[in-house]
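# Inside the fold
So you can see what is in the structure, the chains are spelled out below.
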Amino acid sequence: MTKRPDPPVPASPRRALSKKDLLDIDGITEDDIRLVLDTAESMREINQRAIKKVPTLRGKLVANLFFENSTRTRFSFEIAERRLSADSIALSATGTSVAKGETLLDTGRNLMAMAPDAIVIRHSRSGAPHLLARHLPCAVVNAGDGTHEHPTQALLDAFTIRRAKGTLAGLRVAICGDVTHSRVARSNVSLLTKMGAGVTLCGPRTLLPPEIERTGARVVNRLEEAVEGADVVMILRVQKERGGGLGFPSDREYYEQFGLTPERRKLAKKDAIVMHPGPMNRGVEIDSAVADGPDSVILEQVENGVAVRMAVLYLLIGASGEDE
Amino acid sequence: MSGEAVLLRGGRVVDPSRNLDQTLDVLLKDGVVAKVDEKIAAKGAEIVDAAGFVVAPGFVDLHTHLREPGFEYKETIATGTRAAAAGGFTSVCAMANTDPVPDDAPTVAFVVRRARETGAVRVFPIGAVSKGLKGVELAEIGSMKVEGIVAISDDGKPVANGNLMRRALEYASMFGLPVVVHEEEPSLVGAGVMNEGWASTRLGLAGWPNVGESAMVARDVQLAGLTGARLHVAHVSTRESLETIRAARKLGVPVTCEVTPHHLLLTDEDVARSGYDTRFKMNPPLRAEADRAALVTALVEGTIDCVATDHAPHHEDEKNVEFADAPFGVIGLETALPALVDGLLVPRTITLLRLVEVLSTAPARVFGLPYGTLAEGAAADVVLFSTSKSTPVTPDGFQSRSKNSPWLARTLKGRVERTWVGGREVFSRSSGTPR
């Protein structure tokens, strides 16, 4: 397949997303996606300066609500906020606030009383960010909700792919693993199909959700079939904590059937890139030789996460009114 | 009951118990339907101009959660029966998942007494199948029958143990009581909070498949066949359950079933469209369009005997949480008629005669209640409603203590105007509920 560059993007007259929140890729437009990716290019440049900080969000308050464990995403948002000079506060709760006797909505309303401009929320329940967004006037950014979506992950993945391949349209992307429990997969399928990439989903039948083919993705059960001829191979984390363990008999068998080994990697295009949203189960869904190999862009994904989240925050709360 | 006479003049009288649908006068006197005829003269009677309205036997709900005792912050017998009256229901059957559970004579007697003291309409208690709804030992079904239960059910929970269900059917049959079953196979339902399908896949919510219901329906119709006992399947939601019930009927198994207005008119796509709105979360869940269409067909042609609301009030605070954490259930008494007029009668999917039948005559027959008819001498339980006027569904418009309705913010064609129980007016749209 030949690489077709995306048409040159004219300097967008739009400096904000079409909605007040970023809840899911399903609910935003192709233009929104392009705007985030283009804006992230300039943010990436900031991250390479000696002094990696701009005053763009000075005086803005961002609250990070992490109700579920997270290292990468949380650090990534916090760094993004600091580089844009936003004030940021963090609330982390193990378990839900319900366990402490306060509802999510009450936590949100109390926080709102302190007038944040944006709330970044990670939560174990699908739709939790939507609940906040419906009741609070500030911008709500979904940093991963249950088994629903992880929109900034899909945006940073798209950014990484676009940087490596020059385009998204026309690419062949294989997304492999525990699709049922993967919010990363849902966001990525939605984004990539919107942008014209051809997506193949692959996993054991027990870990593919019903009617998933209606996303427009090709669905297969053999990893070899998915990887063959792919430009991008994205491996998903096996999520035993979400019940993925019922879908296959053992780690050993999973690796045999669905692990991305160097041999299977060879079925993809020569210049294919290998991605993983992390954290990895080495030796289960991916072999270390591939994860740490020359085609792996796994650490670039992490690096790009900061730029993409800077872009999202800027477009949601920094872009209205005055110029940079 | 009131002795004052009421003459409903010139309404479209729809009485499925006699296959009647014509413009007539109806005289209510001494608590009964005294006369149904053309041009009745009744000196001293209150005259109600019913021209342009439908006059029908009061609706009968086989599946109502009144929440008292134990959950009075959600609903009480007083508020729940006021909601019933406002929806045209003159009889409601109170489900057993209260606290304490009605599983012996005194707990049933409490409901009967509270209904007598505070109820706006007739209340018929449903006793538990098992003590404390625990699914282990049979409740005291015989003593509860003496206090007035009309059926037994562990509704809200399935009776997972097949042998207990068999014994419940056998035991209840001695008292002529139907066993009402809430069908879900626990290991297939798991943590499911909505229908399994394309919508649950997109929303990332745990779904449960149709077979979670129909597998239990299959078990229970066969147990009904084995025991010869009366089985009533609550809130059928899947096409496979319907097929199973049809097949059982062909074999002569005494099984009846009900469907809710929301399962007839909404699907899992409404859950998706709502953006995780818990007013669309109930059990069984809203199913796929193919199921919804099959339910409508089955209701029209008779495989489904009747409509029941599964009126399930929950406090706003309980519902205003993450979708997976919210309790199951929606209120339905006050929206049943408008929802069905709007969704089935206006598009001419169902006839007015059949619509009234599935709301009054048929449910009364299923539980053997002497209502659902305007036959002369029958109790004067009557509803007057319009099929052309509209009901705007607003949070402030409910008589119910709760507001968890999937119809909020909708304006539905069809409106209940007045309701009488035993000849006494219990609801009037113009003056609110008198009691």
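Predicted model only: the values in this text are computed from it and were never measured.

Counting its regular elements, chain A contains eleven helices and nine strands. Expected size for 324 residues packed as a compact globule is a radius of gyration near 20 Å; at 19 Å, chain A falls within 12% of this value. Here the C-alpha coordinates of chain A stretch approximately 55 × 50 × 35 Å along the principal axes. For chain A, buried positions account for 57% of its 324 residues. Within chain A, residue pairs in contact and separated by at least 24 positions form 73% of the contacts whose partners lie at least 6 positions apart. When the 44 basic and 42 acidic side-chain charges of chain A are each reduced to a single mean position, those positions are 1 Å apart.

With that settled, the discussion passes to the overall build of chain B. Of regular secondary structure, chain B possesses 14 helices and 18 strands. Its C-alpha radius of gyration of 21 Å places chain B within 12% of the 22 Å reference for a compact globule of 435 residues. Expressed along its principal axes, the backbone C-alpha trace of chain B runs to roughly 65 × 45 × 45 Å. The buried share among the 435 residues of chain B stands at 63%.

Residue and element names in this part refer to chain B. Looking at the element boundaries, threonine 76 is found in the loop between strand S6 (59-64) and helix H1 (77-86). Judged by relative accessible area, threonine 76 falls into the buried class, the value being 11%. When near neighbours in sequence (up to four residues on either side) are disregarded, threonine 76 contacts Leu66, Glu68, Thr81 and Arg401.

A few words now on the interface of chain B and chain A. Between chain B and chain A, the contact holds 17 residues from the first and 22 residues from the second. Here chain B and chain A share one salt bridge between them. The residue Asp325(B) makes a salt bridge to Arg125(A) at a minimum N-O spacing of 2.5 Å. On the surface where chain B and chain A come into contact, there are eight residue pairs in polar contact (both at pLDDT 80 or more). Sorting elements by how many residues they give to the side of chain B that touches chain A places helix H6 (residues 198-203) of chain B first, with four residues. Per-class residue counts for the side of chain B that touches chain A are six nonpolar, six polar and five charged.

All names here are of chain A. This model, assessed by the stated rule, comprises six aromatic pairs over all chains. Both rings, one in tyrosine 254 and one in phenylalanine 258, keep their centres 5.5 Å apart while their planes meet at 40 degrees; by these two values the pair is tilted. Placement of the pair is tyrosine 254 and phenylalanine 258 together in helix H8 (residues 251-258), with a separation of four residues, close to one helical turn. For tyrosine 254, a relative accessible area of 1% corresponds to the buried category. We classify phenylalanine 258 as buried; its relative accessible area is 12%.

What follows concerns the confidence of the model for chain A. Here chain A averages 91 in pLDDT, while 90% of its residues score no lower than 70. Between residues 1-13 of chain A, whose pLDDT stays under 50, and residues either more than four places distant or in other chains, the model counts 19 contacts.

What follows concerns helix H13 (residues 336-345) of chain B. In terms of burial, H13(B) is a largely internal element, eight of the ten residues being buried. Three or more residues of H13(B) are buried, namely Ala336(B), Leu337(B), Pro338(B), Ala339(B), Leu340(B), Val341(B), Leu344(B) and Leu345(B).

With that out of the way, let us pick up the sheet that holds strand S7 (residues 218-220) of chain A. Residue and element names in this part refer to chain A. Pairing is parallel across the open sheet formed by five strands, whose spatial order is S7-S6-S5-S8-S9. In this open sheet, the two edge strands, each paired with only one partner strand, are S7 and strand S9 (273-275). For this sheet the average axis-to-axis angle between neighbouring strands, irrespective of direction, equals 20 degrees. Examined bridge by bridge, strand S5 (residues 172-176) and strand S6 (residues 198-202) share five bridges and lie parallel to one another. The partner of alanine 174 across the bridge, within S6, is threonine 200.

Per the stated rule, a full pass over the model turns up 40 salt bridges over all chains. With a shortest N-O distance of 2.8 Å, Asp231(A) and Lys269(A) are connected by a salt bridge. Separated by 38 residues along the polypeptide, Asp231(A) in the loop between helix H7 (223-227) and strand S8 (232-235) and Lys269(A) in the loop between helix H9 (262-265) and S9 bring together distant segments of the chain. Accessibility expressed as a relative area gives 5% for Asp231(A), which makes it buried. A relative accessible area of 19% places Lys269(A) in the buried class. A salt bridge links Arg249(B) to Asp305(B), with the shortest nitrogen-to-oxygen separation between them at 2.7 Å. Residue Arg249(B) is found in helix H8 (residues 239-250), and its partner Asp305(B) is found in the loop between helix H11 (289-301) and strand S15 (306-307); the two are separated by 56 residues along the sequence. Classification of Asp305(B) by relative accessible area gives buried; the value is 19%.

In this section: the confidence of the model for chain B. For chain B, per-residue confidence averages 97 on the pLDDT scale, and 98% of positions sit at 70 or higher. For this predicted complex, the interface confidence comes out at an ipTM of 0.90, alongside a pTM of 0.94.

This next bit is on the state of the cysteines. Considering all chains together, one arrives at zero disulfides over all chains under this definition. With no disulfide of its own, Cys202(A) has Cys176(A) as its nearest cysteine by sulfur position, at a separation of 4.6 Å. Unpaired in terms of disulfides, Cys93(B) finds its nearest cysteine sulfur in Cys306(B), a separation of 9.6 Å. The exposure class of Cys93(B) is buried, given its relative accessible area of 0%.

Time to look at the pairing of strand S18 (residues 424-428) of chain B. Residues and elements named next belong to chain B. Inspection of the sheet shows strand S17 (residues 411-421) paired to S18 by four bridges, in the antiparallel sense. Each bridged residue has a counterpart across the sheet, and for valine 421 the counterpart in S18 is arginine 424. With antiparallel pairing between neighbouring strands as the criterion, S17 and S18 make up a hairpin whose turn holds two residues, including glycine 422 at a positive phi of roughly 55 degrees.

On the secondary structure map, Glu45(A) appears in helix H1 (residues 30-46). Between the alpha carbons of Glu45(A) and Ala307(A) there is a distance of 8.5 Å; along the sequence they are 262 residues apart.

All names here are of chain B. Burial analysis of strand S8 (residues 122-127) places six of its six residues in the buried class, which makes it a mostly covered element. Burial along S8 is two-sided: the face carrying Arg122, Phe124 and Ile126 and the face carrying Val123, Pro125 and Gly127 are both buried. Where S8 lies against strand S9 (residues 151-153), two bridges are found, and the strand directions are parallel. Its bridge partner lying in S9, glycine 127 is registered against isoleucine 152.

On to the nonpolar core, then. Residue and element names in this part refer to chain B. Core analysis: the largest hydrophobic core is formed by 102 residues, its most contacted members being Val233, Leu264, Leu299, Leu355 and Phe385. Here this core gets seven residues from one element, more than from any other, and that element is H13. Ignoring anything within four residues of it in the chain, the contact list for leucine 355 reads Leu337, Leu340, Val341, Leu345 and Ile350.

Next up on the list: the sheet that holds strand S1 (residues 61-66) of chain A. Residue and element names in this part refer to chain A. Here four strands make up an open sheet; going across it, the order is S2-S1-S3-S4 and the pairing parallel. Whereas interior strands pair on both sides, the edge strands pair on one side only; in this sheet they are strand S2 (87-92) and strand S4 (139-145). This sheet shows a mean twist of 15 degrees between the axes of neighbouring strands, independent of strand direction. Bridge count between S1 and S2: six bridges; the pairing is parallel. When the sheet's bridge partners are listed, alanine 63 is paired in S2 with isoleucine 89.

Rules of the game
- Residues numbered from 1 in each chain as written.
- Chains lettered and ligands numbered in written order.
- Predicted model: local features only at pLDDT ≥ 70, side-chain atom pairs only at ≥ 80, totals over all residues.
- Heavy atoms only, no water.
- Helix = DSSP H or I, 4+ residues; strand = E, 2+ residues; numbered from the N terminus.
- Rg over C-alpha atoms; globule rule 2.2 N^0.38 Å.
- Buried < 20%, exposed > 50% of the residue type's maximum accessible area, 1.4 Å probe, protein only.
- Contact = heavy atoms within 4.5 Å.
- Lys, Arg positive; Asp, Glu negative; His and termini not counted.
- Charge placed at Lys NZ, Arg CZ, Asp CG, Glu CD.
- Salt bridge = Lys/Arg side-chain N within 4 Å of Asp/Glu carboxyl O.
- Polar contact = N/O pair within 3.5 Å; in protein donor to acceptor, adjacent residues only side chain to side chain.
- Nonpolar A, V, L, I, M, F, W, Y, C, P; charged D, E, K, R; others polar.
- Phe/Tyr/Trp six-rings, centres within 6.5 Å; stacked < 30°, edge-to-face > 60°.
- pLDDT = per-residue confidence, 0-100.
- Pairing = 2+ DSSP bridges.
- Axes fitted to C-alpha atoms, helices over the stretch in contact; angles between N-to-C directions.
- Disulfide = S-S within 2.5 Å.
- Core = buried A, V, L, I, M, F, W, Y, C linked by side-chain atoms within 4.5 Å.

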